[in-house]
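The residues making up each chain are set out below.
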Amino acid sequence: MTAGEEWNLVAPNGSSYSLTLEDDDQVTVVQNAIDSVAVAASLAVTLSKIAASLSGAGAESTNVILTSTNAYIDNSNITSLLDVDLLSQSDANILATVVAATLAGSFGKTVGIGASIGAAVANNYIGYDADGNMQLAAIQAFVKDSDVEVTQGDLLLTAKANQSISATVFAGSVAISASKIGVALSGSGVSAENQIGVDVKAYIEGIKSNGIHARKIILLAEDTSTINALAGAASIAASCGKIGISVGIGVSLATNTISSDVNAYVLTATGLGVNT
């Protein structure tokens, strides 16, 4: 194997991963991103003595990433002249765009009725299932029940989570009515739920017999996950006539949650030592 080689793996649950061998002999594992676009559009126009038109459009998108990334030494004896470096990193990300647009136009000599409804829904989950139940994405670097001897180097355990969700959700609705008696009704609604749940750990737990010795022992756990969400709803209702009635309603809801459990620790590991 040579540096720069890459492999693609597909897990039983359908998740896909890219593995790359780096110049320093480390293997980087990255879960592939989800890029989702959902668009719906509707148009209704009526011309008549008595005219009525109804238009509706709806778009929905649900994206789920369930991931587990671990770099570890378990029940082993390791001897190394130079650094022992375990890096577990996850950069899973979701980019979602959901748009719904609808237009209703009604033009009648005596009565005109136009009604338009648009709805857009986006659910984006990392570390949660499609029903919104928490299944924390595990990113861990650890040494467990093992002896590690690093004679002239350091032992570094690093766990990094950099999950991200970027969601743009928009619904627009327009209703126009022109008649002696004109009625225009327009409504639009948007709902966006974005959730990230991660369990980030760098730890040492237990030894075999001789313990763990290195020039330095460094444990780092870090979470820099982010959510960027834009949810917008626009509704326009216009009626022209001797008697004109117009009603326009727009509702936008967004819920964003990041649940992080970040720990770096040593547990039941007597025999830790520093080599000088």
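Let me sum up the structure you'll find in this document. The shown structure was predicted, so the numbers you read here are calculated from the model rather than taken from an experiment.

## Points about the overall build of the protein
So, step 1. What the protein contains, in helices and strands, is zero helices and 18 strands.
So, step 2. Its C-alpha radius of gyration of 28 Å places the protein more than 25% over the 19 Å reference for a compact globule of 276 residues.
So, step 3. In terms of principal-axis extent, the alpha carbons of the protein reach across some 95 × 35 × 25 Å.
So, step 4. Sequence separation of 24 or more characterises 79% of the internal contacts of the protein that already satisfy a separation of 6 or more.

## Here we look at the nonpolar core
So, step 1. Among the nonpolar cores identified, the biggest contains 30 residues, and Leu 86, Val 143, Leu 155, Leu 157, Val 198 and Ile 204 are the most heavily contacted of them.
So, step 2. At the level of elements, β5 (68-74), β7 (84-90), β8 (93-126), β9 (137-144), β10 (147-150), β11 (155-161), β13 (181-205) and β14 (212-214) are the ones that each hand at least two residues to this core.
So, step 3. If one sorts the elements of this core by residue count, β13 sits on top with five residues.
So, step 4. Not counting chain neighbours up to four residues away, the residues in contact with Val 198 comprise Leu 136, Ala 137, Ile 139, Ala 161, Gln 163, Asp 223, Ser 225, Ser 259, Ser 260 and Asp 261.
So, step 5. In this structure, Ala 38, Ala 57, Ala 122 and Ala 171 belong to the second largest nonpolar core, which totals twelve residues.

## Description of unusual backbone geometry
So, step 1. Phi angles above zero are rare outside glycine, and Asn 75 is one such case at about 55°.
So, step 2. Of note, Asn 75 is situated in the loop between β5 and β6 (77-80).
So, step 3. Residue Asn 75 is classed as exposed on the basis of its relative accessible area, which comes to 53%.
So, step 4. Positive phi is not limited to glycine here, since Asp 145 has a value of about 50°.
So, step 5. Position of Asp 145 among the secondary structure elements: in the loop between β9 and β10.

## What to know about the sheet that holds β10
So, step 1. With respect to topology, four strands assemble into an open sheet ordered β6-β10-β14-β18, the strand pairing being parallel. Looking at strand neighbours, the two that pair on one side only are β6 and β18 (272-274), the edges of this open sheet. Mean inter-strand twist for the sheet, computed between neighbouring axes without regard to direction, equals 10°.
So, step 2. As paired elements, β14 and β18 share three bridges and run parallel to each other.

## As for the environment of Leu 219
So, step 1. Among the secondary structure elements, Leu 219 is positioned in strand β15 (residues 217-223).
So, step 2. We classify Leu 219 as partly exposed; its relative accessible area is 23%.
So, step 3. Beyond its immediate sequence surroundings of up to four residues, Leu 219 is in contact with Leu 157, Ala 202, Tyr 203, Ile 204, Ala 264, Tyr 265 and Val 266.

## Here we look at the sheet that holds β15
So, step 1. Spatially, three strands are ordered β7-β11-β15 in an open sheet, and the strand pairing comes out parallel. A single partner strand is all that each edge strand has here, and the edge strands are β7 and β15. Averaged over all adjacent pairs, the angle separating strand axes in this sheet is 5°, with direction ignored.
So, step 2. Bridge count between β7 and β11: seven bridges; the pairing is parallel. Within β11, the residue paired with Ser 90 across the bridge is Ala 161.

## Re the side chain of Ser 90
So, step 1. As for its position among the elements, Ser 90 is in strand β7.
So, step 2. For Ser 90, a relative accessible area of 2% gives the class buried.
So, step 3. Ignoring any residue separated from it by four or fewer positions in sequence, one finds Ser 90 in contact with Thr 67, Thr 69, Ile 139, Lys 160, Ala 161, Asn 162 and Gln 163.

## Some remarks on the packing of aromatic side chains
So, step 1. In total, this model carries three aromatic pairs according to the counting rule given.
So, step 2. Geometrically, the ring pair formed by Tyr 72 and Phe 142 is stacked, given 5.0 Å between the ring centres and 5° between the ring planes. Here Phe 142 lies in strand β9 and Tyr 72 lies in strand β5, a separation of 70 residues in the sequence.
So, step 3. Residue classification places Phe 142 among the buried residues on the basis of a relative accessible area of 9%.
So, step 4. On the basis of an interplanar angle of 5° and a centroid distance of 5.0 Å, the ring pair of Tyr 203 and Tyr 265 is categorised as stacked. With Tyr 203 in strand β13 and Tyr 265 in strand β17 (residues 243-267), the pair connects residues that are 62 residues apart, well separated along the chain.
So, step 5. We classify Tyr 203 as buried; its relative accessible area is 8%.
So, step 6. Judged by its relative accessible area of 26%, Tyr 265 falls in the partly exposed class.
So, step 7. Each residue in the set Tyr 72, Phe 142, Tyr 203 and Tyr 265 is aromatic and connected to the rest through ring pairs, giving one cluster.

The rules behind these values
- Residues numbered from 1 in each chain as written.
- Predicted model: local features only at pLDDT ≥ 70, side-chain atom pairs only at ≥ 80, totals over all residues.
- Heavy atoms only, no water.
- Helix = DSSP H or I, 4+ residues; strand = E, 2+ residues; numbered from the N terminus.
- Rg over C-alpha atoms; globule rule 2.2 N^0.38 Å.
- Contact = heavy atoms within 4.5 Å.
- Core = buried A, V, L, I, M, F, W, Y, C linked by side-chain atoms within 4.5 Å.
- Buried < 20%, exposed > 50% of the residue type's maximum accessible area, 1.4 Å probe, protein only.
- Pairing = 2+ DSSP bridges.
- Axes fitted to C-alpha atoms, helices over the stretch in contact; angles between N-to-C directions.
- Phe/Tyr/Trp six-rings, centres within 6.5 Å; stacked < 30°, edge-to-face > 60°.

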